[in-house]
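# An overview of the molecular structure
Now for the letters of each chain:
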Amino acid sequence: MMLPLAQAVVSPEQADAVWRLETSWRYAPWLTVLAVIGVVLLVGYCYAKELSPAGRGYRWLLAGLRLTTFALLMVMLSELLLAGARSGRPRFAILLDRSASMGVVDARSASDTPLSPVDDDRDTASAGEEDDQADTLPQSRWQQARERLLDEEAALFERLAADYDLELYTVADQREPVDVGEQGWPATMSDIQVDETAMATRLGDAIEQLVAGSALPAPQGVLVVTDGRVTAGTPLATAAESARRASTPLYLLGVGSEDEPPDVGLSDLLAEEVVFVDDVVSFRATLRTTSSVRGPIRVSLRRQGETTVLAEQTIEPPADGGATPIQLLHRPEQPGVYRYEIAVTSTADELNTGNNSVSHELTVRDQQVRVLLASGGPSYEFRYLKHLLERDSTVELASFLQEADIEYVTADPSAIGRLPLRAAELGEYDVVLLIDLDPRLVARSFWPTLRAFVGDQGGGLALIAGPRYLPGGYRDLADFAALYPADLSGAGVGEAVTSRGFRVAPTPIGLGRAALQLADDAASTSRVWRGLPELYWYAELGPLKPAAQVFAAHPTAASPTGQPAPLIVTQYFGAGQVLVHAVDSTYRWRRRVGDVYFARYWVQTIRALARGRLAASETGVELTVDRRRYELGEPIRLRLRMGSASADQQSLDVLLQPKSGPQQTITLTRSADARGVYQTTLDSLPVGTYEALLAESVTGDGAVTATFEVTPPPGEFARLEMAAAEMQAAAERSRGKFFTLDQADELLAGLPRARRVPIESLPPVELWNRWWMLAAICGCLTTEWILRKRRAML
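Residues numbered from 1 in each chain as written. Predicted model: local features only at pLDDT ≥ 70, side-chain atom pairs only at ≥ 80, totals over all residues. Heavy atoms only, no water.

## Considering the pairing of strand β15 (residues 336–344)
One face of the sheet, then the other: side chains in a regular strand alternate in exactly this way. Looking at chain direction, strand β12 (residues 297–303) and β15 are connected through five bridges and run antiparallel. Each bridged residue has a counterpart across the sheet, and for V299 the counterpart in β15 is V344. Note: β15 against strand β16 (residues 357–365), eight bridges, orientation antiparallel. Paired with I342 across the two strands is V358, which belongs to β16. (Pairing = 2+ DSSP bridges. Helix = DSSP H or I, 4+ residues; strand = E, 2+ residues; numbered from the N terminus.)

Below is the structure:
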């Protein structure tokens, strides 16, 4: 092995050429030292004991010649040579973050010095005053950083350029080199602008490429000017670990405010897509605020392009920020297709106003709902419901009563003599209401027809429990059990009679549904439900299925699972919806107020159940997506319901047409759970607006479409405060330092001293294999022999 013995700069003319002595000595160093000491002691001892007339000085001269000979032999045996290398200036990199977040004007910098109006007619203002006024303009993060870097005529760059080969890069969604050239640092920095279209900061990737992704020696330091928000690629902590392994400290100059900026945003808008005229439509959304937002916030509902406020709500945001659910109610009075917008007023100093509104398209239709009302006996619930629906001009009613006289069918215009048993007959209705029917008197072919009516055709079904049959008497009907939102094995029959009155208590989920809105706002609706007349009987529905939702529960009684006993339960089944009432006396809500609440609840409920049928197009084909707007990378669920159209194929193709770019074909596979339903999930679409189109040849009529939008993630603006803690940790991990703009004056003193780095090896100079080396050995031996002979020494 080669062991370095010394270092020296050989010539002042080549200050970058460094030479050092190396040897191939193969023995352990301590053995070499012992051998040298032994030889020195032996030679000294021999000459000290030499019996000769020569004096002491003469003998020491001879001992020196003997030791010199031994040293020269050691040099030859060790194959001593002079190894050289040419060294150069080390690298130092500067990374400038120019992503979209660096264009943010922090609230404190924008409000530190308020702007005053400028009089355009001033002719006496001096240039100095104009410069002073320009200085009061709010500055973005990049503008502040640029000013500090160019302080004292760019002294930072001049100092670094004197000791290092300086490299300058900008970073956003990728790293780009910047050539300073002859224009100088001030001009170069002025040319660099924030990239407003760069919605990602790959700062970690840029650092890793610098310290480990190049054939050149790693930089001896990296100065990073950033707000610390890494929104894509390698995390900053991982990049700091790579820098530590490469012995490259990171010096981070943090830009921006550490305080969370004020922000008010709306998201997750949910509402029906197709409703009837005069339906109560519930627009639900989530209001998100940061901890710095104070004071009440007004949220309003408008039609897009109109100024009239249709509904509004005032929210007091949480002190520590977070999400607040909101609900706005509206009753459209005219048919048509409308786009509604929920908007919130922006707060002072809010930086991101792009999330202050969300929109939703709503189709309003003016047509009757076809309802089949069937009951086992002429109960009060049946009578009041029948009379209510007969009077309602928006409902086309057909009624069936199992225990009716023969004359009943001819005497009552709405009465029918039997239940429809064929799919075509039942398909003439939108909603079916069953009140405690005796299943033994119903043809068994009715239940699979009813199941297909709900699951395949999108029909609505309401089941009202009774003291005789429903639900416990239906345990042996498999098709009914599939529709029912609970386990029929645990359902009771008339077992939960109570003598103590109770009021139906809507759950938070139920209060969010339009069907349960008994007033014009959420607070009034809650008061109405608390003031409704008491009921005195309910049925045990049984253990609920996982997909079931409880709209209302008993205020005090509990189910066997320990939860409040459910009174109004719903679940979606295929394309339709099933609603179950555990009570059969809602007619009592008419007490002293008539049909005010009883009619409003049931008409809204029936219309909500009918929307599955209403949403289908005239051809019976419906193409839908689960949302109108997706963030990049989110799964997009595309669903096609064929309805009465042909649905025998195992898959169907849909054209996906982006607003810009080539169209592509998407294959939807047939669902195993519902007949006529095809679906797929898309998860790799780029940002843009898309239209999914089912060809006319499949529908047999007009084309069926669904539109949606893929938007870039909020990444750059999701969190706008400076990531000081992350940058501090990265600097410590890489053995560097973290500075803020206020500490920028300390930056020069904190940067490392330059250390030259080897560039190339020079040809070695073999010292041991030289003629003068052998001549020196021979000369020492000859001189010692001659001197010994002159003193008559052996």
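The discussion continues.
## A few points about the sheet that holds strand β5 (residues 165–171)
Taken in spatial order, the six strands make up an open sheet running β6-β5-β4-β7-β8-β35, and their pairing is mixed. Taken across any chain shown, the strands that pair with only one partner, and hence form the sheet edges, are β6 (175–178) and β35 (737–740). Along the sheet, successive strands turn relative to each other by an average axial angle of 20 degrees, direction set aside. In this sheet, β5 lies alongside strand β4 (residues 91–97) in parallel orientation, the contact comprising seven bridges. Along β5, the bridge assignment pairs D97 with V171. (Axes fitted to C-alpha atoms, helices over the stretch in contact; angles between N-to-C directions.)

## Section: the sheet that holds strand β34 (residues 704–711)
In spatial order, the strands read β27-β29-β32-β31-β30-β33-β34-β28; together these eight strands make up an open sheet with mixed pairing. Of all strands in the sheet, those bounded by a partner on one side alone are β27 (622–625) and β28 (629–631). The sheet shows a mean angle of 30 degrees between the axes of neighbouring strands, taken without regard to direction. Relative to strand β29 (residues 636–641), β27 runs antiparallel, the two sharing four bridges. By the bridge assignment, L623 is partnered in β29 with L640.

## Some thoughts on the packing of aromatic side chains
Here the structure, examined in full by the defined rule, presents 16 aromatic pairs. For the ring pair W529 and W589, a centre distance of 5.3 Å and an interplane angle of 85 degrees mean the geometry is edge-to-face. In this pair, W529 sits in helix α16 (residues 522–531) while W589 sits in the loop between β26 (576–581) and α17 (596–614), placing the two residues 60 residues apart along the sequence. Of the residues examined, W589 reaches a relative accessible area of 1% and is grouped as buried. One cation-aromatic arrangement involves R175 over Y169; the distance from NZ or CZ to the ring centre is 4.6 Å. (Phe/Tyr/Trp six-rings, centres within 6.5 Å; stacked < 30°, edge-to-face > 60°. Buried < 20%, exposed > 50% of the residue type's maximum accessible area, 1.4 Å probe, protein only. Lys NZ or Arg CZ within 6 Å of the ring centre and 35° of its normal.)

## With respect to the environment of L372
Within the secondary structure, L372 sits in strand β17 (residues 369–375). If near-sequence neighbours (up to four positions away) are discounted, L372 is found in contact with A398, I416, L419, P420, L426, Y429, V431, V432 and L433. (Contact = heavy atoms within 4.5 Å.)

## Brief notes about helix α10 (residues 380–391)
A rise of 1.5 Å per residue sets the reference length of α10, with its 12 residues, at 16 Å; its end C-alpha atoms lie 17 Å apart and thus fit the reference within 8%. Taken together, the buried positions of α10 are E381, F382, L385, K386, L388 and L389. Viewed end-on, α10 has its buried residues packed into an arc of 165 degrees, placing them on one side of the element. Buried residues along α10 sit in contact with β17, β18 (395–401), α11 (406–411), β19 (431–435), β20 (460–464) and α17. (Expected span 1.5 Å × (residues − 1). Arc of directions from axis to C-beta.)

## With respect to the pattern of salt bridges
Tallying each qualifying case throughout the model produces 29 salt bridges. With a closest N to O distance of 2.5 Å, R733 and E241 form a salt bridge. Of this pair, R733 sits in helix α20 (residues 724–733) while E241 sits in helix α9 (residues 236–245), and the two are 492 residues apart along the sequence. A salt bridge links R590 to D595, with the nearest nitrogen and oxygen atoms 2.6 Å apart. One continuous salt-bridge network, built from bridges that share partners, spans E241, R244, R245 and R733. (Salt bridge = Lys/Arg side-chain N within 4 Å of Asp/Glu carboxyl O.)

## Looking at a nonpolar patch on the surface
On the surface, a cluster of nonpolar side chains totalling about 340 Å² of accessible area is made up of W30, L31 and L34. Along the chain, the position of L31 falls in helix α1 (residues 29–48). Of the residues examined, L31 reaches a relative accessible area of 39% and is grouped as partly exposed. (Patch = residues over 30% accessible without salt bridge, like charges linked within 9 Å, V, L, I, M, F, W, Y side chains within 5 Å. Areas by Shrake-Rupley, 256 points an atom, 1.4 Å probe, with all protein chains shown as cover.)

## Here's the deal with the packing of α1 against helix α2 (residues 56–77)
It is the contact of α1 with α2, at a shortest axis distance of 9 Å, that shows an interaxial angle of 155 degrees. Here α1 is positioned roughly antiparallel relative to α2, judged by the angle of their axes. For the pair α1 and α2, the crossing hand works out as right-handed. Contact residues: α1 offers T32, V36, V39, V40, V43 and Y47, while α2 offers R59, L62, A63, R66, L67, F70 and M74. When the residues that make up the contact of α1 with α2 are grouped by side-chain class, the tally is 10 nonpolar, one polar and two charged. (Parallel < 35°, antiparallel > 145°, perpendicular 65-115°, else oblique. Left-handed = near helix turned anticlockwise from the far one by under 90°. Nonpolar A, V, L, I, M, F, W, Y, C, P; charged D, E, K, R; others polar.)

## Topic: unusual backbone geometry
In this model, L470 is joined to P471 through a cis peptide bond whose omega is 10 degrees. Secondary-structure assignment places P471 in the loop between β20 and α14 (478–483). Of note, the phi angle at R592 is positive, near 70 degrees, even though the residue is not glycine. Positionally, R592 belongs in the loop between β26 and α17. Positive phi, close to 65 degrees, is recorded for R735, a residue that is not glycine. Mapped onto the fold, R735 is located in the loop between α20 and β35. On the accessibility criterion, R735 (61% relative accessible area) is exposed.

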